[in-house]
Amino acid sequence: MIDLLLTRYNYVAVVLLLGVGTYMLIENANLVKKVIGMNVFQTGIFLFFITAAYAEGAGPPLVGHGGPYVSPLPHVLILTAIVVGVSLTAVALALVVRIYAEYGTLDEDVLREVRADE
Amino acid sequence: MSDVPALLVALPILASVLALLVGQWRPRAAWAVAFLGTAVQVGAAGLLAARVLGGETVRYAVGDFAAPYGIELVVDGLSASVALLVAVVAFGVLLYSRVAGPREPAFHAQYLLLVAGLSGMSVTGDVFNLYVFLEITGLAAYALVASGESGRAAVGALKYLLIGTVGASLYLLGVGYAFIVTGTLNMADMAGTLGSEIAYTHPAVLTAFALVVTGLAVKSAVFPLHTWQPEAYASAPDGVSAFISALVSTVSAYAIARVIVSVFTVEFFRANPVAQDLVVGIAGLSVVAGSVLAVTQTEVKRMLAYSSVSQFGLVVAAFAIATERAVTGGTVHLIGHAVMKGGLFLAAGAVAAATGARYVSEYRGLASRRPFLAGAVAVLALAMVGVPPAVGFVGKWYIALAAVEAGWWFIAAVILSSTLLTLAYFARLVERMYFASAPTAAAGTADAVGATPDAAVADGSGETAEAERPGTPDRVTPGVVALVVAVAVLSVALGFAATDFAQLLRPTLPELLAP
Amino acid sequence: MTDVDSLRPLAAVLAAALPIVAILASHRRPNVREGWSVASALATFGVVASMVPGVLAGDTYVTDFGEFVFGVDLALRADALGTLFALLASFLWIITTFYSIGYMRGLDEHAQTRYFASFAASVAAAVGVAFASNLLVLFVFYELLTVATYPLVTHDEDAEARAAGRKYLAYTFGGGVAVLAGIVLAYTLTGDVSFAAGGIGGLGSADPTLARAAFALLAGGFGVKAALMPMHSWLPDAMVAPTPVSGLLHAVAVVKSGIFGVARVVLDVFGPETVADLGVGVALAAVAAFTLLTASVIALRQDNLKRRLAYSTVSQLSYIVLGLGVGAYDATGLAMTGGLLHIPAHAFMKLTLFFCAGAIHVETHTDDISDMAGIGRRMPLTMAAFGVASLGMAGIPLLAGFVSKWYLLLGSVAAGYAVFAVALLLSGVLNIAYFWPVVYQAFFQTAADADTKPLIENPFGGKATPSAVAAREDDPANPLRPDGGDRDERVTDDEETYAVDRYPSDHRGTDGEAADGNAAREGDDEHHGYDEHEDPDHHHDHGGGPPAGGWERRGFGDESTWFMLGPISTAALAAIALGVVPHSAVFLRIVDAIVTGVMG
């Protein structure tokens, strides 16, 4: 068991990141921190892909220098996913700014109370 | 001709940029660009549909990188119908938004971007590419929801964004699992590997299925993953909620179907009956829970949103049953629902613009004030309930028949009784429109208008009085009313056309469902 | 039996459906609007009647539009059974249209355009039900019929009407769901849902449990509209509708479409043989027997005339179902003949009764039987027709009800289920018990010396509470009645005005002046809320019952307008004709054709 944890610590990190991200998303009342939680969650997924790219005894298709080598495809995918993540964060922050301008608060509970009067 | 699938995606993106640029120069021109763009989109999708409905499959290798190494766009009967639906609804709602707004160039750019994302989701043959389009769709949808004036829209959009992103991320995680065990991202290739090289009961395959379906279920707002949806629909501008409600969940549900029948295939269910039981069970739960929640709503748009939760339960159940008849029924209902729900949101928007009524109770006596709008709402509502021969009935008939044939007695009972559940919330609306007279407050303020006009306009019901006063310029043009009525007529006419359509799907489906 | 390709079944539906547009379009001109109604009723009847000779000769007219869903055609098909129902519905529609004009104008009702349009839509749907060529098409029109009649039930737009409408929708759509489930099951079992005389072949050899389930779902679903107990309770509540609606739709079109559905299921889907083999026929007959006895007993205690008629309907409809259920075991076909003949027989008699109740309401605003003592002086022709029809209901010879009941009795005995014959006879006695007092007190008593009615006034258990009797003597409008519609009505009166009663009862005739008045009326009626109860104009003494000096005496024909008396007499005469010369009246011949077709 311990052995497994030590050789697969990347996956432990993935699970931790996913867990922490989800927890922040759900539990944190502050909207900005929710957005950060979303980012942490996505980072967990990025790490998962990067980790999965490692293949035992992999070699390059043409010329190699001894390795170790990883599959480039997940990296390319994650590059795309990171771009998507950045744009999502940008939109989310823009919305947060607008909410703050409108209601003067970033706290979800306060926001609920304010909006109850609408 | 074989480039058409790529055009479906590229064209709206180009038009989107163009709309933004042109809009800087002359704001009203952005609408014209969007109009042209969606019109060409309708033509392209129609061309494609005409070609593939009947059995042919069009494949397009993006950038000439042959599959499975490159990204492939695959258009068969199923995806062509969804792509055509996207184009047609986009075109129709755009006509509505000319009157109802928003009118900023940014809106039209986002709108076209959403069309691109949805079309991409419909035609792609690559699971990661699907994720990218899912996020493009999502980003455009978040921004569109937020394009409403109020702070409420921003809050709704942020909620939508957070939950939607989690959904898409879960999908991505599922793709990761599938990629690890199969080593490919191409749908057809993955389907070939699964089952032969990797057992369907492999834990990673099961995990991948669970994550992918859960992620897409978030996007199509199946109970209990629907929580983003009512607020997003209710807070968005009317045209946007019509568009989103008609398409975003629809295309996500299509993606579920695609993943089930084209990637994991029916064999997966045969090997893992528990997975099928779970999906069908949750879908059934969604039907019931969505209806119950809809009954408790007071705001019309929220009620319609919960109604979608319920209807998508039906669609997902159909796709999970995964027989030829079930998928036929699911597709018919998917398209029929898009037309009916889009029409209902348009009508709700038009009613709000005409009378200010946004709550169920404010619909009282609408029939006498707005006979055509009320009539359209009533027809659409009854079509949704499943009164034959409207399209809502035909879809339900096929799904129920498939459920009984496949021996899913419980879900068959849920599907059939969904008629009553749907009736429970729509009957309230129809009853108020036709059999309750307008609130007496309106008559009171109408008198007050004569004395102190300013005071009357200030409060909510004053708007009602204002719209009724003769001589007041109407905020709803006859064109909008005609559009809503046309959608209502369409919802009935589609009921007769549905079987011809199902006939066209017939060659496509056995190929998909063949083991 | 030869199938003839013909557009006539479609024409019959369209003749009723298309004028809806014209009716809506001419909403500002009541006379033109009613003209369209009458024309459309005549046209529909004409088209249906034109098919009768062919159908009697064994032809079947078919209009086929191709596939509706896979394996099921969208087709209309006028066979003998369908023609029976369509002929009945379209003929009675003509009578009812004239009556409606008298009734609606007499009461100065609101939203008459909606009323007439919905009426035409209902008849179109009923004709569609009649001519449907398979279960699915029948279901289509069956559901459309529900939708089309909903505005009629809710016509009054007050809380009571809305509650009744809600109940109506819930019950009938619930039944619709069961029907749909049954259709799905039947389709799964056989792959075919088209009607075929003697039944669809595959059902006899299918899994008996599933076949029984399909039968239960179909018969139960149609049974909701046929008001089989325990699914009957929407029918008495739906009596808040205007009386012509209660008459045509709740004694004829709607409930008969349910009966018609059961008939189709027994005769053309399962076939009598399969029904007998599965043992479901006797179950159906048992439910029917229970319903017809229980409903009769309940009817005894109803004080509101329309509610009493409603329970009588519940009871009489079960005669038909009983005939269909028992008929499966009866090789002579007598029970089947009796059951099917009871469809027109009951329709004519019940329509007469409802028309009478409506005429009384329009003229005197009296709804309760206990207020009707001596009313025969005021409305002699009406009450005479009422007497004729109620005797027919009880099955007195020379009237319509006798012939059908005679066949039913013979058939039940021939089938070996004499117990049902006993139930039929018992119910005949109960029929007299609940109808005779109405007729008797109308002619032979006056308001002053009316007998007490212990069955209605006293609570269950037979103990007369002295206070209740005393209260009634003090105040004739006292709401302390055990059950019946009257109390409900008074409760709602506190909060809202009964739409029917808001307007003065003086009759305006049907001349141009009244029509103009209606047009103006309708305009501002749109703004009259049911909650507008503070308007002093609308508060008048609307309690029914005799005027202070007792009912005045009027001659035959002076009691009301001929717009109402004409239909009443026509329906009553038709009821007599059916009893005296059943073979000349075309219905028995159609029924014979049906039974021969099914029994071979």
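The written sequence of each chain sets the order in which its residues are numbered from 1. Lettering for chains starts from A, numbering for ligands starts from 1, and both go in the order in which the items are written. Only residues with pLDDT of at least 70 get local features here, since the model is predicted, and only at 80 or more are side-chain atom pairs given and counted; chain-wide, interface and lining totals rely on the full set of residues. For side-chain calculations, the full set of non-hydrogen atoms in the structure is used, while hydrogens and water are omitted.

## Comments concerning the interface of chain C and chain B
The contact rule is simple, with two residues in contact once any of their heavy atoms fall within 4.5 Å. If you look at the interface, chain C gives 37 residues, while chain B gives 36 residues. Buried area adds together the accessible area that both of two parts lose upon being put together, with accessible area traced by a 1.4 Å probe. Together, the buried faces of chain C and chain B total about 3,300 Å²; carbon and sulfur atoms form 75% of this surface. Interface area lost by chain C to chain B is led by F68(C), F70(C) and V184(C), which between them contribute 21%. The rule for a salt bridge is simple: a side-chain nitrogen of Lys or Arg has to be within 4 Å of a carboxyl oxygen of Asp or Glu. Our count for the chain C to chain B interface comes out at two salt bridges. Its salt-bridge partner being R162(C), residue E431(B) comes within 3.9 Å of it at the nearest N-O pair. Between N or O atoms, a polar contact is any pair within 3.5 Å; within protein, one atom must be a potential hydrogen donor and the other a potential acceptor, and residues adjacent in sequence are included only when both atoms are from side chains. Between chain C and chain B we count three residue pairs in polar contact (both at pLDDT 80 or more) in total. Only DSSP runs of H or I with at least four residues qualify as helices, and only runs of E with at least two residues qualify as strands; both kinds are numbered from the N terminus onward. Of all elements in the fold, only β2 (59–69), α6 (135–153) and α7 (159–190) of chain C reach the threshold of two or more residues within the side of chain C that touches chain B. Per-class residue counts for the side of chain C that touches chain B are 23 nonpolar, five polar and nine charged. Think of it as three bins: nonpolar holds Ala, Val, Leu, Ile, Met, Phe, Trp, Tyr, Cys and Pro, charged holds Asp, Glu, Lys and Arg, and polar takes everything else, Gly as well.

## Remarks on the interface of chain A and chain B
Tallying the contact residues gives 31 residues for chain A and 31 residues for chain B. Summed over the shared surface of chain A and chain B, the number is zero salt bridges. Between the two partners, chain A and chain B, sit two residue pairs in polar contact (both at pLDDT 80 or more). Contributing elements (two or more residues each) for the side of chain A that touches chain B: α2 (9–27), α3 (31–52), α4 (72–103) and α5 (108–116) of chain A.

## Re unusual backbone geometry
Here the bond from F223(B) into P224(B) is cis, since omega is 5°, no more than 30 degrees from zero. Locating P224(B) in the fold gives a position in the loop between α8 (203–219) and α9 (229–235). Residue P230(C) follows M229(C) across a cis peptide bond; omega there is 5°. Tracing the sequence through the fold places P230(C) in the loop between α9 (208–225) and α10 (234–237). Unlike most non-glycine residues, A322(B) shows phi in positive territory, near 60°. Assignment of secondary structure puts A322(B) in the loop between α12 (300–321) and α13 (324–355).

## Remarks on the packing of aromatic side chains
Pairing of aromatic rings covers Phe, Tyr and Trp, the last through its six-membered ring, and needs centres within 6.5 Å; plane angles under 30 degrees mean stacked, over 60 mean edge-to-face, and all others mean tilted. Evaluated as defined, the whole model comprises 44 aromatic pairs over all chains. Measuring from ring centre to ring centre gives 5.1 Å for W31(B) and F35(B), while their planes differ by 20°; the resulting arrangement is stacked. In this pair, W31(B) and F35(B) are both assigned in helix α2 (residues 27–52), four residues apart and thus about one turn of the helix distant. The rule is simple: take the accessible area with a 1.4 Å probe, protein chains only, and divide by the maximum for that residue type; under 20% is buried, over 50% is exposed, in between is partly exposed. Exposure remark for F35(B): the relative accessible area of 27% places this residue in the partly exposed category. On the numbers, 4.9 Å between centres and 50° between planes, the contact of Y425(B) with F426(B) is tilted. Residue classification places Y425(B) among the buried residues on the basis of a relative accessible area of 0%. For a lysine, the NZ atom is tested; for an arginine, the CZ atom; a charge sits over a ring if that atom is within 6 Å of the ring centre and within 35 degrees of the ring normal. Between R98(B) and the ring centre of W31(B), over which it is positioned, the NZ or CZ distance is 4.6 Å. One cation-aromatic arrangement involves K225(C) over Y142(C); the distance from NZ or CZ to the ring centre is 3.8 Å.

## So, the confidence of the model for chain A
On a range of 0 to 100, pLDDT expresses the predictor's confidence in each residue. For chain A, per-residue confidence averages 85 on the pLDDT scale, and residues scoring 70 or more make up 97% of the total. The weakest mean pLDDT in chain A belongs to helix α1 (residues 2–7) of chain A at 78; the strongest belongs to α3(A) at 91.

## Here's the deal with the sheet that holds strand β3 (residues 72–78) of chain C
Adjacent strands of a sheet pair through backbone hydrogen bonds, lying either parallel or antiparallel. All names here are of chain C. Strands were regarded as paired on the criterion that DSSP finds at least two bridges between them. Ordered in space as β1-β2-β3, the three strands form an open sheet in which the pairing is mixed. Strands with a single pairing partner mark the edges of an open sheet, and in this sheet they are β1 (2–5) and β3. For this sheet the average axis-to-axis angle between neighbouring strands, irrespective of direction, equals 45°. Pairing analysis gives four bridges linking β1 to β2, with the strands arranged parallel. Bridging across to β2, T2 finds its partner in D59. The axes used here are C-alpha line fits, helices contributing only the stretch in contact, and every angle between their N-to-C directions lies in the interval 0 to 180 degrees.

## Things to note about the pairing of strand β2 (residues 72–75) of chain B
Residues and elements named next belong to chain B. Burial along β2 is two-sided: the face carrying E72 and V74 and the face carrying L73 and V75 are both buried. Across four bridges, strand β1 (residues 58–61) lies against β2 in antiparallel orientation. Looking across to β2, one finds that V58 is bridged to V75.

## Some details on the packing of helix α16 (residues 380–394) of chain C against helix α23 (residues 562–580) of chain C
Angle between the axes and distance between the axes: these two values describe a pair of packed helices. Residue and element names in this part refer to chain C. Packing of α16 against α23 leaves a shortest axis separation of 10 Å and a crossing angle of 25°. In terms of their interaxial angle, α16 and α23 are classed as roughly parallel. Here the hand of the crossing between α16 and α23 comes out left-handed. Side by side, α16 and α23 meet where L381, T382, A385 and V388 of the first sit next to W562, L565, I568, S569, A572 and I576 of the second. Note that the term roughly parallel is reserved for angles under 35 degrees, roughly antiparallel for angles over 145, roughly perpendicular for angles of 65 to 115, and oblique for everything else. Left-handed describes a crossing whose near helix is turned anticlockwise from the far helix by less than a right angle; the clockwise case is right-handed.

## A look at a negative patch on the surface
Exposure above 30% relative accessible area and no salt bridge define the residues that can form patches, which grow by joining like charges within 9 Å and nonpolar side chains of Val, Leu, Ile, Met, Phe, Trp and Tyr within 5 Å. Surface exposure here means Shrake-Rupley accessible area, sampled with a 1.4 Å probe, where a residue is shielded only by the protein chains that are shown. Positive: Lys, Arg. Negative: Asp, Glu. His and the chain ends are not part of the count. A charged residue contributes its charge at one atom only: NZ of Lys, CZ of Arg, CG of Asp or CD of Glu. Together, D500(B), D3(C), D5(C), D64(C), E67(C) and D73(C) give the surface a local cluster of negative charge. On the basis of relative accessibility, which here comes to 38%, the residue E67(C) falls in the partly exposed class.

## A short note on the pattern of salt bridges
Residues and elements named next belong to chain B. Here the structure, examined in full by the defined rule, presents 22 salt bridges over all chains. The partner of E231 in a salt bridge is R152, and the shortest N-O contact between them spans 3.0 Å. Placement of the pair is E231 in helix α9 and R152 in helix α6 (residues 151–182), with a sequence separation of 79 residues. Both residues of the pair, E231 and R152, count as buried. For the salt bridge of R302 with E231, the shortest nitrogen-to-oxygen distance reads 2.5 Å. Of this pair, R302 sits in helix α12 while E231 sits in helix α9, and the two are 71 residues apart along the sequence. By relative accessible area, E231 is classed as buried at 11%. In this structure, a network of salt bridges that share partners links the residues R152, E231, E299 and R302.

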